[in-house]
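# Analysis of the macromolecular model
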Amino acid sequence: MEGSNHISATNNAHPDLGVLRDGVAIVTGGASGIGLALIEQSIEHRLHCVIADVEEPAIERTIHRLQDKASEHGVQLLGVRTDVLSPGDIDNLAFEIEAKFPGKPISLLCCNAGVGAGGSVLGARDVDWQFVLGVNLMGVVYCVRKFVPKMLQQDAPGSVMATSSQDGLCAASGVYGVSKHACVALMEALHGEVLGRISVHVLCPNAVATNIVTSERNRPVRLGGVDGDPSSRVHPAAKRVAERFKKYGMPPSRCASMVFDAIQSGVFYILAEAEDDEGYVRLEAETRMNAILNGTRPYRPRSALLTKIFSGE
């Protein structure tokens, strides 16, 4: 059943983004990459921002960097160290938000935290599955379960999005691909359940200039991580790939802009394509759907951009 006209997202959209103003934007993985770009643009839309991230020093740097901008736009920032693997951390996040912003509606929930790890389906250990699905799927589940019921109850408009990947739309590859398909499916299911009372979106980007390739730096010891300096946990080959992601990937700000455009237009599947690989994410999705409909085998079309990033060619 639809909610009141005041809170419904007609056609999954809020054509006037001003209706979200003065609400709270929660962004997991908010201290770097796409999450940081979402925080920056949320400030510009005059949303109070919650930077939830597993890396506390990065939270502090982000607050220091954005405090003046937030003050200029009349909004406040809150940083909360949050491991989305932990339901207890999500409970604490909700407590801190209520204490900082009592009575403020949650206008935007960005389930953005993610890791690029896991390896192959046949080669992955139990701890690899637990780490990658724990962050990329269950981290979204925990946030949706904690915050969306409140968003449905509040007398204010709202939007929720999750960051998946092009790997959530094309023929899956490895544990990471499995997790991102699951993320897309979760958001599809959520869209069907909320029935337009809030808008729902899933971001499926191509290569983005982020640190996702070096996610091992944040793997907990209990899930196969190692003690010591986080930077020492990352294989040198992964560091080289990460450098090419930064060099050739699309700016995170492009993804963030596409998210707000989707909230305004109602687009559910946000195909965030790199400018020099335009059309590739759509091609991947079409290729997979054609294989399903025509009874052929799954495969992934080649991308010159991704080849350059992952192999250095």
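Preceding block: the structure.
Quick look at the structure, then. (Residues numbered from 1 in each chain as written. Predicted model: local features only at pLDDT ≥ 70, side-chain atom pairs only at ≥ 80, totals over all residues. Heavy atoms only, no water.)

In this section: the packing of helix α3 (residues 87-100) against helix α4 (residues 126-153). Close contact between α3 and α4 brings their axes to 9 Å; oriented N to C, the two are set at 30 degrees. Relative to α4, α3 is oriented roughly parallel. Crossing hand, α3 versus α4: right-handed. Taking contact as the criterion, the partners of Pro87, Ile90, Asp91, Leu93, Ala94, Ile97 and Glu98 in α3 are, on α4, Tyr142, Cys143, Lys146, Phe147 and Lys150. Looking at the contact of α3 with α4, its residues break down into eight nonpolar, no polar and four charged. (Axes fitted to C-alpha atoms, helices over the stretch in contact; angles between N-to-C directions. Helix = DSSP H or I, 4+ residues; strand = E, 2+ residues; numbered from the N terminus. Parallel < 35°, antiparallel > 145°, perpendicular 65-115°, else oblique. Left-handed = near helix turned anticlockwise from the far one by under 90°. Contact = heavy atoms within 4.5 Å. Nonpolar A, V, L, I, M, F, W, Y, C, P; charged D, E, K, R; others polar.)

Okay, α3 next. Over its 14 residues, α3 runs 20 Å from end to end, which matches the ideal 20 Å to within 8%, given 1.5 Å per residue. Listing the buried residues of α3 in full gives Ile90, Leu93, Ala94 and Ile97. End-on view of α3: buried residues confined to an arc of 95 degrees, all on one side of the axis. Exposed residues pointing more than 90 degrees away from the buried face of α3 are listed as Phe95 and Ala99. (Expected span 1.5 Å × (residues − 1). Buried < 20%, exposed > 50% of the residue type's maximum accessible area, 1.4 Å probe, protein only. Arc of directions from axis to C-beta.)

The next subject is the pairing of strand β5 (residues 159-163). With five of five residues buried, β5 lies mostly within the body of the structure. Judged by which residues are buried, β5 turns out to be covered on both faces: Ser159, Met161 and Thr163 on one side and Val160 and Ala162 on the other are all buried. With four bridges joining them, strand β4 (residues 106-111) and β5 adopt parallel strand pairing. Across the sheet, leucine 109 pairs through a bridge with valine 160, a residue of β5. Sheet analysis places β5 next to strand β6 (residues 199-205), joined by five bridges and oriented parallel. The residue of β6 that forms the bridge with methionine 161 is histidine 201. You can see the chain leave β5, run along helix α5 (residues 174-194) and come back into β6, and the turn it takes is right-handed. (Pairing = 2+ DSSP bridges. Right-handed = clockwise from strand over helix to strand, strands pointing away.)

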